[in-house]
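Structural overview
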Amino acid sequence: MDEEYEMKEEYDFSNGRRGPVNPPVRPVESILFRIDADLYAWFRKCVEDAGGGNYHNMMNDALREYVERQRKPLEETLPL
């Protein structure tokens, strides 16, 4: 093994900081809310069927899409 890639016996983390390396794109709020079991299971299954991911993100995307549709005029929302 090359010397430059060997593990050191000890590392100095005295200037380290906790938290994500990259801050979230949008600020997030950690909350507790109730969701029907069937909806929870559906989002979890969608993520599982996709081979992985984050059901929290999927739920956020679904809610965001709903909110955006509410902002559009009715004519743009209804299928013609």
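Model, not experiment: these values are computed from the prediction.

Thresholds, definitions, all that
- Residues numbered from 1 in each chain as written.
- Predicted model: local features only at pLDDT ≥ 70, side-chain atom pairs only at ≥ 80, totals over all residues.
- Heavy atoms only, no water.
- Helix = DSSP H or I, 4+ residues; strand = E, 2+ residues; numbered from the N terminus.
- Rg over C-alpha atoms; globule rule 2.2 N^0.38 Å.
- Buried < 20%, exposed > 50% of the residue type's maximum accessible area, 1.4 Å probe, protein only.
- Patch = residues over 30% accessible without salt bridge, like charges linked within 9 Å, V, L, I, M, F, W, Y side chains within 5 Å.
- Areas by Shrake-Rupley, 256 points an atom, 1.4 Å probe, with all protein chains shown as cover.
- Salt bridge = Lys/Arg side-chain N within 4 Å of Asp/Glu carboxyl O.
- Axes fitted to C-alpha atoms, helices over the stretch in contact; angles between N-to-C directions.
- Parallel < 35°, antiparallel > 145°, perpendicular 65-115°, else oblique.
- Left-handed = near helix turned anticlockwise from the far one by under 90°.
- Contact = heavy atoms within 4.5 Å.
- Nonpolar A, V, L, I, M, F, W, Y, C, P; charged D, E, K, R; others polar.
- pLDDT = per-residue confidence, 0-100.

**Quick word on the overall build of the protein**
Secondary structure assignment for the protein yields three helices and zero strands. Reading the secondary structure of the protein in the N-to-C direction produces α-α-α. The C-alpha atoms of the protein give a radius of gyration of 22 Å, which is well past the 12 Å a tight globule of 80 residues would have. Expressed as a percentage of its 80 residues, the buried residues of the protein come to 5%.

**Describing a nonpolar patch on the surface**
Together, Ile31, Phe33, Ile35, Leu39 and Tyr40 line one region of the surface with nonpolar side chains, adding up to about 460 Å² of accessible area. Residue position: isoleucine 31 is located in the segment before helix H1 (37-49).

**Digging into the packing of H1 against helix H2 (residues 55-71)**
The N-to-C vectors of H1 and H2 enclose an angle of 115°; their axes lie 9 Å apart at closest approach. When the interaxial angle is binned, H1 and H2 end up roughly perpendicular. Crossing hand, H1 versus H2: right-handed. Between H1 and H2, the residues in contact are Tyr40, Phe43, Arg44, Cys46 and Val47 and Tyr55, Met58, Met59 and Ala62, respectively. Here the contact of H1 with H2 is built from residues that sort into eight nonpolar, no polar and one charged.

**Structural notes on the environment of glycine 52**
Relative to the helices and strands, glycine 52 resides in the loop between H1 and H2. A relative accessible area of 42% places glycine 52 in the partly exposed class. Sequence separation between glycine 52 and asparagine 15 is 37 residues; the distance between their C-alpha atoms is 34 Å.

**Details of the confidence of the model for the protein**
Where the model shows low pLDDT, its predicted coordinates should not be examined in detail. Averaged over the protein, the pLDDT score is 84; the fraction of residues at 70 or greater is 91%. Here helix H3 (residues 74-77) stands out as the element of the protein with the lowest mean pLDDT, 70, in contrast to H1, whose mean of 95 is the highest.

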